[in-house]
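Residues per chain are reported as follows:
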Amino acid sequence: MLFIQTDITTHLYFPFKKYIDLIMRVIPDKDLLGIRKIRIAENFSHKKCNNNSLGCYIPDQKGTHCIIEINIINLLKKKIPKYLFELYPEIAALFLSEVIAHEIGHHVHTFKRTGITKRSHEKFANKYAIAGYSNYLISRQSTILSSYKRASWNLFMFNKQNRRAFSSARCELINWIENNKRGIPFP
C-alpha cells in the first residue's frame, strides 16, 4: 500500500492525495511494487538527494520499502507556479505527473527492468516521465483541457499574451491527443 505524506508549511491549497492517487492509476501496478511512500516536503530527508532537484528517489537494499520525495519549494520555483496548484489543479497535476513518473522511472530502472545499463538510468527515467505524463493526460483529458480553456479566458489574472499561451498549449495538447490516442507505452 502506498502512503502519501505531505510535510509542508507553505500555504498551498491542493489535494495532493487525490491527484497522486489519480497519477498512480496510470502507472503499471508491477512498477509500483516496492514503493512505500511518496512524500511532499519542503526539504529532502536524505543526504543522497540533490537539494536543487524537483524529486528524489530513495531506494532500500531490496527494493521493498522505497521512497519518492518531491521538493515543493523547488517545484514552485522551477516547474509549477502556486496559482496553478490553487486555481488550476488539473494543470498542476499534469505537470506533477511527469515529476512523479520520473522518480518511479528510477525505481523501475533499479529493480524492475533487466538489460538496462547503469549509465542510461537518467535517460530511462526521462522516457518513463514522458510516458507517465502522456498517459495521465489521456486519462484526464477532458478536465485538463477544460482547465486550459478556463485559464485562456481569465481576463482578471492573465494578460493577452498569457491567455494566448494557455490557448496555444491547449491546442497543442488536443493535437497530441489526436495523434496518440493510446498514450505512450511505458519503457
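Preceding this paragraph is the structure being described.
Visitor: A description of the pairing of strand β2 (residues 35-41) should follow, citing residues and the corresponding values.
Guide: Along β2, five of the seven residues are buried, which leaves the element largely enclosed by surrounding structure. Where strand β1 (residues 3-7) and β2 come together, five bridges link them in parallel fashion. In the strand pairing of β2, F3 is matched with K37. Where β2 lies against strand β4 (residues 66-71), six bridges are found, and the strand directions are parallel. Bridging from a neighbouring strand, K37 pairs with I67 of β4.

Visitor: So what's going on with the state of the cysteines? Which residues, and what values?
Guide: In the structure shown here, the tally under the stated rule is one disulfide. Here C49 is linked by a disulfide to C56, with a sulfur-sulfur distance of 2.1 Å. Torsion about the S-S bond of the C49 and C56 cystine: about -80°, corresponding to left-handed handedness. Note on accessibility: C49 and C56 belong to one class, buried. Unpaired in terms of disulfides, C66 finds its nearest cysteine sulfur in C56, a separation of 11 Å. Since its relative accessible area comes to 0%, C66 is described here as buried.

Visitor: An account of the side chain of S147 is requested, with residue identities and associated values reported.
Guide: Along the chain, S147 turns up in helix α7 (residues 141-153). We classify S147 as buried; its relative accessible area is 1%.

Visitor: Summarise the sheet that holds β1; cite the residues concerned and give the values.
Guide: Spatially, four strands are ordered β1-β2-β4-β3 in an open sheet, and the strand pairing comes out mixed. Edge positions in the sheet fall to β1 and β3 (55-58), since each has one partner strand and no second. For this sheet, the mean angle separating the axes of adjacent strands, direction not counted, is 15°. Examined bridge by bridge, β3 and β4 share four bridges and lie antiparallel to one another. Residue pairing in the sheet places C56 in a bridge with E69 of β4. Relative to the sheet, helix α5 (residues 89-111) contacts β2, β3 and β4, its axis offset from that of β4 by approximately 150°.

Visitor: Tell me about the pattern of salt bridges, residues and numbers included.
Guide: By the definition in use, this model includes five salt bridges. R39 is the salt-bridge partner of D7, the closest N and O atoms lying 2.9 Å from each other. Of this pair, D7 sits in strand β1 while R39 sits in strand β2; the two residues are 32 residues apart in sequence, bridging distant segments of the chain. Judged by relative accessible area, D7 falls into the partly exposed class, the value being 32%. For R39, a relative accessible area of 12% translates into the label buried. Salt bridges sharing partners connect three or more residues here, namely D7, R39 and E69.

Visitor: I'd like a rundown of the nonpolar core, residues and numbers included.
Guide: Looking at soluble globular proteins, one finds that nonpolar side chains tend to be buried together. Within the largest apolar cluster, 52 residues are counted, with the highest numbers of intra-cluster contacts made by L96 and I104. In terms of residues, this core owes the most to one element, α5, which gives eleven residues. Setting aside chain neighbours within four positions, we find I104 in contact with M24, I27, D31, L32, I35, I68 and Y128.

Conventions and cut-offs
Throughout this document, residue positions are counted from 1 along each chain, in the order its sequence is written. Local features are withheld for residues below a pLDDT of 70 in this predicted model, meaning they are given only at 70 or higher, and side-chain atom pairs are given and counted only at 80 or more; totals for whole chains, interfaces and linings count all residues. Hydrogens and water molecules were not included; the side-chain quantities draw on all heavy atoms of the structure. The rule is simple: take the accessible area with a 1.4 Å probe, protein chains only, and divide by the maximum for that residue type; under 20% is buried, over 50% is exposed, in between is partly exposed. For the purposes of this entry, the term helix denotes a DSSP run of H or I that reaches at least four residues, the term strand denotes a run of E that reaches at least two, and both are numbered from the N terminus. Only when DSSP finds a minimum of two bridges between them are two strands counted as paired. Only a pair of cysteine sulfur atoms within 2.5 Å counts as a disulfide in this structure description. Under this scheme, a helix contributes an axis fitted over its contacting stretch, all axes are lines through C-alpha atoms, and angles between N-to-C directions fall in the 0 to 180 degree range. Two residues form a contact once any of their heavy atoms are found within 4.5 Å. Criterion for a salt bridge: a side-chain nitrogen of Lys or Arg within 4 Å of a carboxyl oxygen of Asp or Glu. What makes a nonpolar core is a set of buried Ala, Val, Leu, Ile, Met, Phe, Trp, Tyr and Cys residues whose side-chain atoms join them at distances within 4.5 Å.

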